[in-house]
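# Secondary and tertiary structure notes
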4 protein chains.
Amino acid sequence: MKKINIGMVGYKFMGKAHSNAYRAVPMFFPDAAKPEMKVICGRDPKGLEQARAQFGWESSVTDWRELVQRDDVDVVDINAPSDAHKEIAIAAARAGKHLFCEKPLALTLADSREMLEEAEKAGVKHMVGFNYRFAPAVQLAKKLISEGRIGEIHHFRGVFLQDWILDPSFPLVWRLQKEIAGSGSHGDLGAHVIDMARFLVGEFREVIGMSETFVKRRPVAAAMTGLSAKGGGSEEMGDVTVDDATAFLARFENGAMGTIEATRFAAGHRCTNGFEINGSKGSIKFDFERMNELQVYFTDDAEDVQGFRRVLATDASHAYMDAWWPAGHTIGYEHTFTHEVLELMRALEEDRQPVPNFVDGVKCQEVLEAVDRSIEERRWVAISEL
Amino acid sequence: MKKINIGMVGYKFMGKAHSNAYRAVPMFFPDAAKPEMKVICGRDPKGLEQARAQFGWESSVTDWRELVQRDDVDVVDINAPSDAHKEIAIAAARAGKHLFCEKPLALTLADSREMLEEAEKAGVKHMVGFNYRFAPAVQLAKKLISEGRIGEIHHFRGVFLQDWILDPSFPLVWRLQKEIAGSGSHGDLGAHVIDMARFLVGEFREVIGMSETFVKRRPVAAAMTGLSAKGGGSEEMGDVTVDDATAFLARFENGAMGTIEATRFAAGHRCTNGFEINGSKGSIKFDFERMNELQVYFTDDAEDVQGFRRVLATDASHAYMDAWWPAGHTIGYEHTFTHEVLELMRALEEDRQPVPNFVDGVKCQEVLEAVDRSIEERRWVAISEL
Amino acid sequence: MKKINIGMVGYKFMGKAHSNAYRAVPMFFPDAAKPEMKVICGRDPKGLEQARAQFGWESSVTDWRELVQRDDVDVVDINAPSDAHKEIAIAAARAGKHLFCEKPLALTLADSREMLEEAEKAGVKHMVGFNYRFAPAVQLAKKLISEGRIGEIHHFRGVFLQDWILDPSFPLVWRLQKEIAGSGSHGDLGAHVIDMARFLVGEFREVIGMSETFVKRRPVAAAMTGLSAKGGGSEEMGDVTVDDATAFLARFENGAMGTIEATRFAAGHRCTNGFEINGSKGSIKFDFERMNELQVYFTDDAEDVQGFRRVLATDASHAYMDAWWPAGHTIGYEHTFTHEVLELMRALEEDRQPVPNFVDGVKCQEVLEAVDRSIEERRWVAISEL
Amino acid sequence: MKKINIGMVGYKFMGKAHSNAYRAVPMFFPDAAKPEMKVICGRDPKGLEQARAQFGWESSVTDWRELVQRDDVDVVDINAPSDAHKEIAIAAARAGKHLFCEKPLALTLADSREMLEEAEKAGVKHMVGFNYRFAPAVQLAKKLISEGRIGEIHHFRGVFLQDWILDPSFPLVWRLQKEIAGSGSHGDLGAHVIDMARFLVGEFREVIGMSETFVKRRPVAAAMTGLSAKGGGSEEMGDVTVDDATAFLARFENGAMGTIEATRFAAGHRCTNGFEINGSKGSIKFDFERMNELQVYFTDDAEDVQGFRRVLATDASHAYMDAWWPAGHTIGYEHTFTHEVLELMRALEEDRQPVPNFVDGVKCQEVLEAVDRSIEERRWVAISEL
């Protein structure tokens, strides 16, 4: 069986999720190429060593430049904060390494495009971490649409609702700082909705948006990690430089209408990555908080029993599920990463580009940036303008 | 168009619901025979006159004996407290009046049987008020079962959960006194579940139950009306002489298994008259708190989209709904009575027995009493024993 | 008790809903002024007489000019097709009649304003039929917001989703013709969402929208009534001249962000008039298909039991519900009209303007037209521009 | 950090679930003692080796007698078919090994008691695999009850509904044969409900049940594994010797009433391990198909916003969840085993009995057997009789 050596940069929230996926693939998908957890990279030696031991990596380095040059690394997995993606990815590509990069690819569209270009020039494989595609219920949505069972799509209604920064005393973590995160809810959450829309509906034609930062100053965080801030806020206050919420209207190439909204101020929503699609022959609804379920409606159901079906996408007939547990025995968030890594392994084995890859990362960034421009210039912006 | 004269005994909760139904039938089902609201009867002249004017009855009397003898009365509607049903029904039948009696028919099975016998002897039509049959979603359940779309029934799981007497300081209203109410949650709520089971699954073969009175003494109510007690509780305490909750196992004639439970101590449930039926080809779920919805599952749905459908039974194809509003525009509790009165009108027009009638009332009482006996004697009791 | 004489113009879907409300108010709210159903008006004598008899009106006329002049009419209820509203309303106002007009007030903002002006000049009372405000669950939403229990509002997410014209063979009824209906889903459904937003969130500041007509030609309807078309479609085809769907972004005066969408192409949705409001202290969700329920979330719930509560707004503590049935015994669509008429009766008794009135009608129309202009000119339009 | 050596007997469905848990504990709960996956045991060398490699065990043996004697084994994990539990457990206990045994402990109560006795005599730790206790939502239910927030319990309504053998052509797998499985839905699924009831409500006092085998003969399975049958059914038919469904009434020691039902014939239910508990101060609902959610109702919520809350038990404040992902990022079925193994690790570290242990296994079996006897003798059976 083929083995593929992984070097990973980043060891916080995403580093943990990716590590778990590398461990899970060989156990649940033993026929796939096996990821070997060769080396993990981070700047803080103590935290790094703890992560290495806990997550099960063979070795660690504190300089990513060293990692991307190692002979025993086939794939460089980049899940460091967003502002570091570009430099690492390009160096890795130039070193001939395959790339597995968390979203967003980079802080700007220009940077994303450069990353794609370099990857293509180097002839390496590249993947971007839109993990939500890999929920079996989402895969089912894709299948139904691809097979024409929902018909022609009229509407896409997508939201990503969270509430973790609703409290004004929540500190100024890196995700709220433009120079590191690039964007707020729009780039963090909206990016997932945009990718979902592209995956299921098709390409965007034009957009117009609005955004807001409801809480404009927050306590400076003493120490920041993942989604939370250790040590609470200090008395010092700093400016929030990203959006708390962004919403936009969209027109798709195929004529479908879209409304998309991302916010971290939706009280009561912890992780509502949700969408509804209405087609000429049926509809589909999804909410990640119930990630194993897909609501499906067909217009051609018998007249007296028409209604949304709650499909529990855990049957052996659903994507990936024959590898897990019997029907009705649900899976969770982390499994989306396992399936994502599985796609990476299979693509490398089959010598093809994984999907989604940097092309998808760039196209997502185009939409993100078109929305930003539409907000700034208060007008519809065509994706083709970018 | 045929007109049918109604005389009604009772003017509280049920009197109001019935009156509303008499008013609604001519407006929403103009092709049916028209109920004429001739005379209403109650013991308290002041309350009676208020009800007469408010509900729209032509006249009133304080003595039901007078009412049952009036020439301008075709149907006697009996919704006085349960202990009065028998005497009124028999007198009315002997006077040649058709009978429309609230459930339970009487305090005992023997009394119920006598009522049925007298009605049959008099050759009058008779109906019993199992109104929940008349929710369009329940009618849909009946249709699906009758057409074999759920297959052979394996399981019936029925509950009627309320919580209105959960608070121990709630007063000792008449519904908590055996000499007036006959029974507690069992006869009041369980009766509806039993009727639903008979309607949808078939006849009961044998039962075994248990029951409990969780709060054994309560403040004596100053004045009682409908489901509530005016004037709150006094300091005087009295014994609760009926069950707070009764549950039982059942075996149906067709081999299906049943679990049935009625309680007024299910915190958070205001009116969960619910059931689930599992058959060899599908399943059905219903909860009266969402009375316009039926959940339906079919085993022969395509493999990848199997799941309970939430059918909103408000389409024109659903029972009664073409008489109401466009699809999706829901109806409420009171409409079950309108449909019930419609059945009464149609049956009288067509010179046939309405359904459900006193036979159903007696059969329900048989099951109620079999359960009571099974509790007393701590053994399975066959319905045929009674 | 005060009696108020009603003359009603229109006898189809809305005429039926209003008639039912006039009949219900005296029965369920006997302390309110009593509407007397004096005269009903329509153009087709045969259909009119049938409606008169069925709905219970004392008399009928085929010319609304006659109706508005009658001495025995205090209130003119206008629910004829939208293109007739203005002329009737102004004539009625000039005749000193109070006005109760279905939404939208008129086909254009200018016309609406003229109607308001005339009503004010005549010193009559005026009401507009935004019936969804009167669902008890919506009243509860209003109460929670007014009492500050949801905090400062950040987001409004409103939709009105239907699917009754999804089938391309559905005929070209009057609601699909601009000259009669004025607008499609936007004016018909979107108007309700806009009113809901104004009721709960506050005034709109600026909007930008998009719209679409997915099915551009349809069979000409042989005869049209209410929401459906009798006689099916003919072979002749005609142009659909209104929008099938309209969506827009909104900024409210108080800074809240809004996304609003109305469509008749949302397969599986019969009547999803739904909204979600996110505030700094909690959230609220509503879907008219479950009109008795309100989902409520509070940020100050104990840490381990935070979650959306499904409040069944049928307790005696909820608006209007002590007049109906015991807790848990639901009401339906028609009850929103009963409560609306109740507000009209109470306002007339108390000699005050009912709410919502023509001011609300005009303000709704301002938003509708701002959206239309934003679509035409592809730019943000401030309400203050109109 | 302490390391604990595991030897595991069984490598099918449960073997996979346990193996995954051993791998997950060190990664997600690095402070706990670390399970070392020393040796796995099975009868078929080929399948065993595949499992060993796939699951990550150091070595394998085909004879459990060898495994229980190995010096490098601290804990013997027994998840072979139920008929093998007793012999292995007793041998392991006598060899001084701690025991981790899947439910049911044994085929009979007598055997279970012997196992407990031997374990106690040997002074080893013992745990039984009631994994559903370890869902964070169930832990929350336990916490709410323990803290008195639901008050005194009146009702327990528990079901375990599946549908995997509804099709009569599904083959005669070992779980349908009494000599291997001991029991059908009752022992397999009902056992989980009984344990849940004991965990949350308390001890059972008396029970009465009924059961049914709806499909009495099935095709003999060519090869059997886990929950499914490889190779489909042959033409040969064999007798189903266990129950397809069992339901029973229960009275708890504390006076609460219970209804419990387990079936494999509930069409549409893949894994509805669900319960509802009604107390004097609130209610709790759970359905394993939505395992991250707990529905909670409190009677002391403000009057106008009473309703079941849907608590997503994924906040850091919920049991185990700070070790996983941010709030709203759900976990799945397998995580119950991870938490179960965590309890085992902690108990061994702290030199205490894990919970649930063989005492719970025996008490569960007492109830199972009391129900069996009540069915056979058609009478209430007190647990104390056994």
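Calculation criteria
Residues numbered from 1 in each chain as written. Chains lettered and ligands numbered in written order. Predicted model: local features only at pLDDT ≥ 70, side-chain atom pairs only at ≥ 80, totals over all residues. Helix = DSSP H or I, 4+ residues; strand = E, 2+ residues; numbered from the N terminus. Rg over C-alpha atoms; globule rule 2.2 N^0.38 Å. Buried ≥ 20, exposed ≤ 12 C-beta atoms within 10 Å, placed from the backbone. Contact = placed C-beta atoms within 7 Å. Pairing = 2+ DSSP bridges. Axes fitted to C-alpha atoms, helices over the stretch in contact; angles between N-to-C directions. Core = buried A, V, L, I, M, F, W, Y, C linked by C-beta atoms within 7 Å. Least-squares fit on C-alpha atoms with pLDDT ≥ 70 in both. Nonpolar A, V, L, I, M, F, W, Y, C, P; charged D, E, K, R; others polar. Expected span 1.5 Å × (residues − 1). UniProt positions renumbered as here; feature names shortened; annotations may be inferred. Domains from an automatic or database assignment. Parallel < 35°, antiparallel > 145°, perpendicular 65-115°, else oblique. Left-handed = near helix turned anticlockwise from the far one by under 90°.

- In the nomenclature of an unreviewed UniProt entry, chain A corresponds to Gfo/Idh/MocA family oxidoreductase from the organism Paenibacillus soyae.

### Topic: the overall build of chain A
- Each helix and strand in chain A was counted, giving ten helices and 17 strands.
- Over its C-alpha atoms chain A spans a radius of gyration of 21 Å, differing by no more than 12% from the 21 Å that the globule rule assigns to 386 residues.
- Seen through its C-alpha atoms, chain A measures out along the principal axes to roughly 65 × 55 × 40 Å.
- The burial tally for chain A puts 64% of its 386 residues in the buried class.
- Expressed as a percentage of contacts within chain A between residues at least 6 apart in sequence, the contacts between residues at least 24 apart total 69%.

### Quick look at the sheet that holds strand 4 (residues 75–78) of chain B
Residue and element names in this part refer to chain B.
- The six strands lie next to each other as 3-2-1-4-5-6, forming an open sheet whose pairing is parallel. The sheet is open, and its two edges are formed by strand 3 (59–61) and strand 6 (126–128), each paired on a single side. With direction set aside, neighbouring strand axes in the sheet form an average angle of 25 degrees.
- Where strand 1 (residues 3–9) lies against strand 2 (residues 34–41), seven bridges are found, and the strand directions are parallel.

### Quick word on the nonpolar core
- In terms of nonpolar packing, the biggest core is built from 519 residues, with A:Leu99, B:Leu99, C:Leu99 and D:Leu99 touching the most fellow members.
- Contacts of B:Leu99, omitting those with residues within four sequence positions, involve B:Val76, B:Ile78, B:Ala89, B:Ala92, B:Ala93, B:Ala119, B:Val124, B:His126 and B:Met127.

### A word on the relation of the copies chain D and chain A
- With an RMSD of 0.0 Å, chain D superimposes on chain A once it is rotated by 180 degrees and translated 0.0 Å along the axis. Here the transformation between the copies is reduced to the relation of a two-fold axis. Minimal C-alpha separation from the rotation axis in chain D is found for D:Gly332, amounting to 2.3 Å.
- Here 100% of the interface residues in chain D have copies in chain A that are interface residues too; the copies meet face to matching face.

### Comments concerning the interface of chain C and chain A
- Contacts between chain C and chain A engage 30 residues on the former and 30 residues on the latter.
- Elements with a minimum of two residues in the side of chain C that touches chain A: strand 7 (153–161), strand 8 (204–212), strand 11 (245–252), strand 12 (257–263), strand 13 (272–279) and strand 14 (282–287) of chain C.
- Class assignment for the residues of the side of chain C that touches chain A results in 14 nonpolar, eleven polar and five charged.

### Focus: helix 4 (residues 85–94) of chain A
Residues and elements named next belong to chain A.
- A large share of helix 4 lies buried, amounting to seven of its ten residues.
- Where helix 4 is concerned, the buried positions are His85, Lys86, Ile88, Ala89, Ile90, Ala92 and Ala93.
- On its buried side, helix 4 packs onto strand 1 (3–9), helix 3 (64–69), strand 4 (75–78), strand 5 (98–101) and helix 5 (109–122).
- Taken from the residues just after helix 4, Gly96 is the one with a positive phi, measuring 85 degrees.

### Looking at helix 10 (residues 358–377) of chain C
Residue and element names in this part refer to chain C.
- Here helix 10 contains 20 residues, and its C-alpha end-to-end distance of 28 Å stays within 8% of the 28 Å for a straight helix at 1.5 Å per residue.
- Taken across its 20 residues, helix 10 has 16 buried, putting it largely inside the fold.
- Two residues or fewer after helix 10 comes Arg378, characterised by a positive phi angle close to 50 degrees.

### A short note on the pairing of strand 11 (residues 245–252) of chain B
Residue and element names in this part refer to chain B.
- Counting buried residues in strand 11 gives six out of eight residues, a clear majority hidden from the surface.
- Note: strand 8 (residues 204–212) against strand 11, eight bridges, orientation antiparallel. Within the sheet, the bridge partner assigned to Val207 lies in strand 11 and is Ala250.
- Where strand 11 lies against strand 12 (residues 257–263), seven bridges are found, and the strand directions are antiparallel. Paired with Ala250 across the two strands is Gly258, which belongs to strand 12.
- Counted between consecutive antiparallel strands, the loop separating strand 11 from strand 12 contains four residues, among which Gly255 sits at a positive phi close to 95 degrees.

### Section: the UniProt feature "domain: Gfo/Idh/MocA-like oxidoreductase N-terminal" (unreviewed entry) in chain A
- Under the UniProt annotation, "domain: Gfo/Idh/MocA-like oxidoreductase N-terminal" (unreviewed entry) lies at residues 4–130 of chain A.
- Regarding residues 4–130 of chain A, the helix share stands at 45% and the strand share at 22%, and the terminal C-alpha atoms are separated by 21 Å.

### Observations regarding the environment of C:Arg310
- Checked against the element boundaries, C:Arg310 lands in strand 16 (residues 307–312).
- Exposure remark for C:Arg310: the 20 C-beta atoms within 10 Å place this residue in the buried category.

### Structural notes on the environment of D:Met210
- As for its placement among the helices and strands, D:Met210 is situated in strand 8 (residues 204–212).
- Here D:Met210 falls in the buried class, since 24 other C-beta atoms lie within 10 Å of it.
- Measuring from C-alpha to C-alpha, the distance between D:Met210 and D:Thr314 comes to 38 Å, with 104 residues separating the pair along the chain.
- When near neighbours in sequence (up to four residues on either side) are disregarded, D:Met210 contacts B:Leu249, B:Arg251, B:Met257, D:Ala247 and D:Ile375.

### Brief notes about the domain arrangement of chain A
Residues and elements named next belong to chain A.
- Split into domains, chain A comes out as domain 1 (3–131) and domain 2 (136–290 + 292–331 + 364–377).
- Taken over C-alpha atoms, the centre of domain 1 sits 24 Å from the centre of domain 2.
- Across the boundary between the two partners, domain 1 contributes 14 residues, which contact 17 residues of domain 2.
- Of all the secondary-structure elements, those providing two or more residues to the side of domain 1 that touches domain 2 are helix 1 (13–28) and helix 5.
- For the side of domain 1 that touches domain 2, the residue count by class is nine nonpolar, two polar and three charged.

### Here's the deal with the interface of chain D and chain A
- Residue-level contacts link 28 residues of chain D with 28 residues of chain A.
- Mapped by element, the contributors of at least two residues to the side of chain D that touches chain A are helix 1 (13–28), helix 2 (45–55) and helix 9 (333–349) of chain D.
- Residue composition of the side of chain D that touches chain A, by class: 13 nonpolar, ten polar and five charged.

### Some details on the relation of the copies chain C and chain A
- Mapping chain C onto chain A leaves a residual RMSD of 0.0 Å; the transformation is a rotation of 180 degrees accompanied by 0.0 Å of translation along its axis.
- Take the interface residues of chain C: 100% of them recur as interface residues in chain A, which is what a same-surface contact looks like.

### A short note on the packing of helix 1 (residues 13–28) of chain C against helix 9 (residues 333–349) of chain C
Residue and element names in this part refer to chain C.
- Interhelical geometry of helix 1 versus helix 9 gives an angle of 65 degrees and a closest axis separation of 8 Å. In terms of their interaxial angle, helix 1 and helix 9 are classed as roughly perpendicular. Between helix 1 and helix 9 the crossing geometry is right-handed. Across the interface between the two elements, Ala17, His18, Asn20, Ala21, Tyr22, Ala24, Val25 and Phe28 from helix 1 touch Glu334, Phe337, Thr338, Glu340, Val341, Leu342 and Met345 from helix 9.
- For the contact of helix 1 with helix 9, the per-class residue count stands at ten nonpolar, three polar and two charged.

### Here we look at the sheet that holds strand 5 (residues 98–101) of chain D
Residue and element names in this part refer to chain D.
- The strand order across the open sheet built from six strands is 3-2-1-4-5-6, with neighbouring strands paired in parallel fashion. The open sheet has two edge strands with one neighbour each: strand 3 (59–61) and strand 6 (126–128). Averaged over all neighbouring strand pairs, the angle between strand axes comes to 25 degrees, with direction disregarded.

### Some remarks on the packing of helix 4 (residues 85–94) of chain B against helix 5 (residues 109–122) of chain B
All names here are of chain B.
- As a packed pair, helix 4 and helix 5 sit with axes 8 Å apart at the nearest point and diverge in direction by 10 degrees. On the basis of the axis angle, helix 4 is roughly parallel to helix 5. In this structure, helix 4 contributes Lys86, Ala89, Ile90, Ala93 and Arg94 to the contact, and helix 5 contributes Asp111, Glu114, Met115, Glu118, Ala119 and Ala122.
- Residues of the contact of helix 4 with helix 5, tallied by class, amount to six nonpolar, no polar and five charged.

### Some words on the pairing of strand 8 of chain D
Residue and element names in this part refer to chain D.
- Across the nine residues of strand 8, eight count as buried, placing the element largely inside the fold.
- Pairing of strand 8 with strand 17 (residues 381–382) involves two bridges; the strand directions are antiparallel. Considered in strand 17, the bridge of Val207 is made with Val381.

### A look at unusual backbone geometry
- For the bond running from A:Lys103 to A:Pro104, omega is -10 degrees, close enough to zero to count as cis.
- Within the secondary structure, A:Pro104 sits in the loop between strand 5 and helix 5.
- With phi around 50 degrees, B:Arg378 is a residue other than glycine that occupies positive phi space.
- In this model, D:Asp351 sits at a positive phi of 55 degrees, which is unusual for a non-glycine residue.
- Topologically, D:Asp351 is positioned in the loop between helix 9 and helix 10 (358–377).
- Judged by the 7 C-beta atoms lying within 10 Å of it, D:Asp351 falls in the exposed class.

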